[in-house]
Amino acid sequence: MTRMLRRAVMFVSAVTVALGGMMFTAGTANAIGVHTCGPNMQWPGNAGVVRADLLPSGFLVWDVRDYTDDHGMWVADVFVGKRRVDHKEQAYNPHGRINPVDLRKGYLVHFVIQHTDIEGRMSFSDPNASCIVP
Amino acid sequence: MPVASSPDFAAELAARLNEVVPAGFTVAAENGSVRLSHDGRFVGSTDMAELVEDSENFDDLPANAATAARAILSNVQDWIADITHDPWPGTRSLPNPDARVQDHVLDMWFGDNDGRVLILRPLDLG
């Protein structure tokens, strides 16, 4: 069940990423609220706040924090365009960094994070947790 | 040994990481995922090895293998540092993981290209 749900979330995210990419290509990125990746980005959502920071070195570092409890199981995926560049499952809130080599200029970086707390409640990151690689 | 599938890739990377992780940590492959445990307890897992069989990028195996390796190394590194509260590998800061494919061989390391802190056993992608 969890796997089916995860795949459904990933499918919706993939569609969002694809549409975002098309809209960006068409020059309407601002209309969907996607900004260029930069410092101190934040996307509050049901699964907590996703934060990301494009460092001067070119690495994109990110993390997520729940509003109340970071325990439970977390599943995190990071896409650049349709290409998944990170995935992790762990029992505390995740963080990571994306190598500049994997940040292709003009592509959409998209974070998809799912949290199941110790009570079994499931929550998801903001579907708009995305930015465009400058 | 040439690597043909994502479970093989996961197994080969897990074996190489298991050779270098600090005592108490175990890296193993399970159903195509690379999984880290500490003193027998689950810490984290990643199925990034799937990228080597990415159906939309069949012609981009070198780049996909390098990306998957970087992600797997980065995850294992972060999990170890989160558990021990010390940087790994090295002692001062977290050296960035990196990987490169040249002549069908995947090289993986932590640190700058000209200042590698830890080098993993190369992997023949066949």
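Everything here concerns the structure above.
Report follows, based on the coordinates. Because the structure is predicted, anything quoted here is derived from the model rather than measured.

### Things to note about the overall build of chain A
Each helix and strand in chain A was counted, giving one helix and 10 strands. The helix and strand sequence of chain A, counted from the amino end, reads α-β-β-β-β-β-β-β-β-β-β. By residue count, 37% of the 134 residues in chain A fall in the buried class. Across chain A, the fraction of contacts at a sequence separation of at least 24, relative to all contacts at a separation of at least 6, is 59%.

### Here we look at helix α1 (residues 6-18) of chain B
Residues and elements named next belong to chain B. Taking 1.5 Å per residue as the helical rise, α1 with its 13 residues ought to reach 18 Å, and the 18 Å between its terminal C-alpha atoms agrees with that figure. Listed in full, the buried residues belonging to α1 are S6, F9, A10, E12, L13, A14 and L17. Turning to α1, the residues buried within the fold contact β1 (25-30), β2 (33-38), α2 (61-84) and β7 (123-124).

### Remarks on the sheet that holds strand β3 (residues 48-54) of chain A
Residues and elements named next belong to chain A. In spatial order, the strands read β2-β3-β4-β7; together these four strands make up an open sheet with antiparallel pairing. In the strand order of this sheet, the two ends are held by β2 (41-45) and β7 (95-98), each with one partner. Averaged over all pairs of adjacent strands, the angle between their axes in this sheet comes to 15 degrees, without regard to strand direction. Where strand β4 (residues 60-65) meets β7, four bridges bridge the pair, whose relative direction is antiparallel.

### Considerations on unusual backbone geometry
Between B:W88 and the following residue, B:P89, the backbone shows a cis peptide bond with an omega angle of -10 degrees. Note that B:P89 resides in the loop between α2 and β4 (97-102).

### Some points on the interface of chain A and chain B
Facing the 15 residues of chain A at the interface are 18 residues of chain B. At the level of secondary structure, the elements contributing two or more residues to the side of chain A that touches chain B comprise β6 (83-90) and β7 of chain A. If you tally residues by element for the side of chain A that touches chain B, the top one is β6(A), at eight residues. Here the residues of the side of chain A that touches chain B are counted per class, giving two nonpolar, five polar and eight charged.

Reading guide: rules and limits
- Residues numbered from 1 in each chain as written.
- Chains lettered and ligands numbered in written order.
- Predicted model: local features only at pLDDT ≥ 70, side-chain atom pairs only at ≥ 80, totals over all residues.
- Helix = DSSP H or I, 4+ residues; strand = E, 2+ residues; numbered from the N terminus.
- Buried ≥ 20, exposed ≤ 12 C-beta atoms within 10 Å, placed from the backbone.
- Contact = placed C-beta atoms within 7 Å.
- Expected span 1.5 Å × (residues − 1).
- Pairing = 2+ DSSP bridges.
- Axes fitted to C-alpha atoms, helices over the stretch in contact; angles between N-to-C directions.
- Nonpolar A, V, L, I, M, F, W, Y, C, P; charged D, E, K, R; others polar.

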